[in-house]
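The residues making up each chain are set out below.
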Amino acid sequence: MPIRVKSENANETQIRLLCSKTRIAPLKTLSIPRLELFAATLLSKLTSNIVKIIDLEFDEAHLFSDSKVVLEWIQIQPHLLNVFVANRVSLIQKLTQTFSLHHVKTKENPADFISSGATKLKLQDELWWTGPSFFKDKPLNLDWVVSQKDDNFFEDLKNPNIVYSCITHAGPSVFLDNCLKITNNFTKLVRILVKPLATSIVFTILLQLLLCASSCLESLLNKSFKSYCKVFL
């Protein structure tokens, strides 16, 4: 898992490879998404440690994975997942509370250089040292991409019959950026945004019920008054 540092000024943008770490895959046969989850856990640990110990102040930290299944797992509550996946997702969520997670295309993912077996010549590639070309964008041009969830996503859910919904975004949004500064956990973000509105929502419902009751009472009074007038006459 390579980590790079990006520095910007008015004239130029520089990107340098800071460090990298990898692990040998377990002997036990695991699915591709679970192996990708191992990689995401390793990346989260390494980035968290680097941010803590290095004598630099970072404006922001972005983590990338080419596994959409892993990114979708990270966006849901761990208790909905099987134990193996839930434990690692929980750790990733804890370590990346102040980080942003994004999807990167496999052909633009330099982490695959090592996992697929890199030769000396291949490591001279600019992709390994400076990362994908979009890293140099000011700001990073990152769109949210929501994929159709496949069997790999559902096989590690405790209850695959649960229906999950997602919010998609394909462009700049000040509101969304401010939300992501709070947390990158979708479920937690919904809870944070909904809580302040709970009182107003309850008030609105009660007001609607009151207006409905008032209308019904008025109708009953009108009918009673008309019946009384008929009897009197």
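Residues numbered from 1 in each chain as written. Predicted model: local features only at pLDDT ≥ 70, side-chain atom pairs only at ≥ 80, totals over all residues. Heavy atoms only, no water.

**Points about the overall build of the protein**
Link 1 in the chain: For the protein, the count of helices and strands is nine helices and four strands.
Link 2 in the chain: Per-residue burial for the protein yields a buried fraction of 30% across its 233 residues.
Link 3 in the chain: Sequence separation of at least 24 residues holds for 66% of the intrachain contacts in the protein that already meet a minimum separation of 6. (Helix = DSSP H or I, 4+ residues; strand = E, 2+ residues; numbered from the N terminus. Buried < 20%, exposed > 50% of the residue type's maximum accessible area, 1.4 Å probe, protein only. Contact = heavy atoms within 4.5 Å.)

**Some thoughts on the nonpolar core**
Link 1 in the chain: Within the largest apolar cluster, 26 residues are counted, with the highest numbers of intra-cluster contacts made by Leu37, Trp73 and Leu81.
Link 2 in the chain: Mapped by element, the contributors of at least two residues to this core are helix H1 (32-53), helix H2 (68-74) and helix H3 (83-95).
Link 3 in the chain: Here the element with the most residues in this core is H1; it accounts for seven residues.
Link 4 in the chain: Dropping the residues within four chain positions of it, Leu37 is found in contact with Val70, Trp73, Val85, Arg88, Val89 and Ile92.
Link 5 in the chain: Counting residues in each nonpolar core, the second largest holds five residues, with Ile15, Val104, Phe134 and Phe135 among its members. (Core = buried A, V, L, I, M, F, W, Y, C linked by side-chain atoms within 4.5 Å.)

**Considering a nonpolar patch on the surface**
Link 1 in the chain: Together, Val51, Leu56 and Phe58 give the surface a local cluster of nonpolar side chains, amounting to about 240 Å² of exposed area.
Link 2 in the chain: Its place among the elements puts Phe58 in the loop between H1 and strand S3 (62-65).
Link 3 in the chain: For Phe58, a relative accessible area of 32% corresponds to the partly exposed category. (Patch = residues over 30% accessible without salt bridge, like charges linked within 9 Å, V, L, I, M, F, W, Y side chains within 5 Å. Areas by Shrake-Rupley, 256 points an atom, 1.4 Å probe, with all protein chains shown as cover. Salt bridge = Lys/Arg side-chain N within 4 Å of Asp/Glu carboxyl O.)

**Some words on the packing of aromatic side chains**
Link 1 in the chain: One pass over the full model with this rule turns up four aromatic pairs.
Link 2 in the chain: With a centroid separation of 5.8 Å and 80 degrees between ring planes, the pair formed by Phe38 and Phe84 is classed as edge-to-face. Residue Phe38 is located in helix H1, and its partner Phe84 is located in helix H3; the two are separated by 46 residues in the primary sequence.
Link 3 in the chain: When the ring of Phe134 is compared with that of Phe135, the centres are 5.1 Å apart and the planes differ by 85 degrees; the resulting orientation is edge-to-face. Like Phe134, the residue Phe135 is buried in the burial classification.
Link 4 in the chain: Following the ring pairs from residue to residue traces out a cluster consisting of Phe64, Phe134 and Phe135. (Phe/Tyr/Trp six-rings, centres within 6.5 Å; stacked < 30°, edge-to-face > 60°.)

**Observations concerning the confidence of the model for the protein**
Link 1 in the chain: Taken as a whole, the protein shows an average pLDDT of 75; of its residues, 61% reach a score of 70 or greater.
Link 2 in the chain: This model gives residues 228-233 a pLDDT under 50, and the stretch forms zero contacts once residues within four places in sequence are excluded. (pLDDT = per-residue confidence, 0-100.)

**Examining H3**
Link 1 in the chain: For H3, spanning 13 residues, the distance from its first C-alpha to its last is 18 Å, which sits close to the expected 18 Å at 1.5 Å a residue.
Link 2 in the chain: Where H3 is buried, its residues meet H1, H2 and strand S4 (100-103). (Expected span 1.5 Å × (residues − 1).)

**Thoughts on the packing of H1 against H3**
Link 1 in the chain: At a closest axis distance of 9 Å, the pairing of H1 and H3 adopts a crossing angle of 25 degrees. Between H1 and H3, the angle falls in the class roughly parallel. Considering how the two elements wind past one another, H1 and H3 form a crossing that is left-handed. Between H1, through Arg34, Leu37, Phe38, Ala40, Thr41, Ser44, Lys45 and Ser48, and H3, the contact on the second element is made entirely by Phe84, Val85, Arg88, Val89, Leu91, Ile92 and Leu95.
Link 2 in the chain: Looking at side-chain class alone, the contact of H1 with H3 contains nine nonpolar, three polar and three charged residues. (Axes fitted to C-alpha atoms, helices over the stretch in contact; angles between N-to-C directions. Parallel < 35°, antiparallel > 145°, perpendicular 65-115°, else oblique. Left-handed = near helix turned anticlockwise from the far one by under 90°. Nonpolar A, V, L, I, M, F, W, Y, C, P; charged D, E, K, R; others polar.)

**Some points on the side chain of Ser67**
Link 1 in the chain: Structurally, Ser67 is set in the loop between S3 and H2.
Link 2 in the chain: In this view, Ser67 contacts Glu36 and His103; residues no more than four positions away in its chain are not counted.

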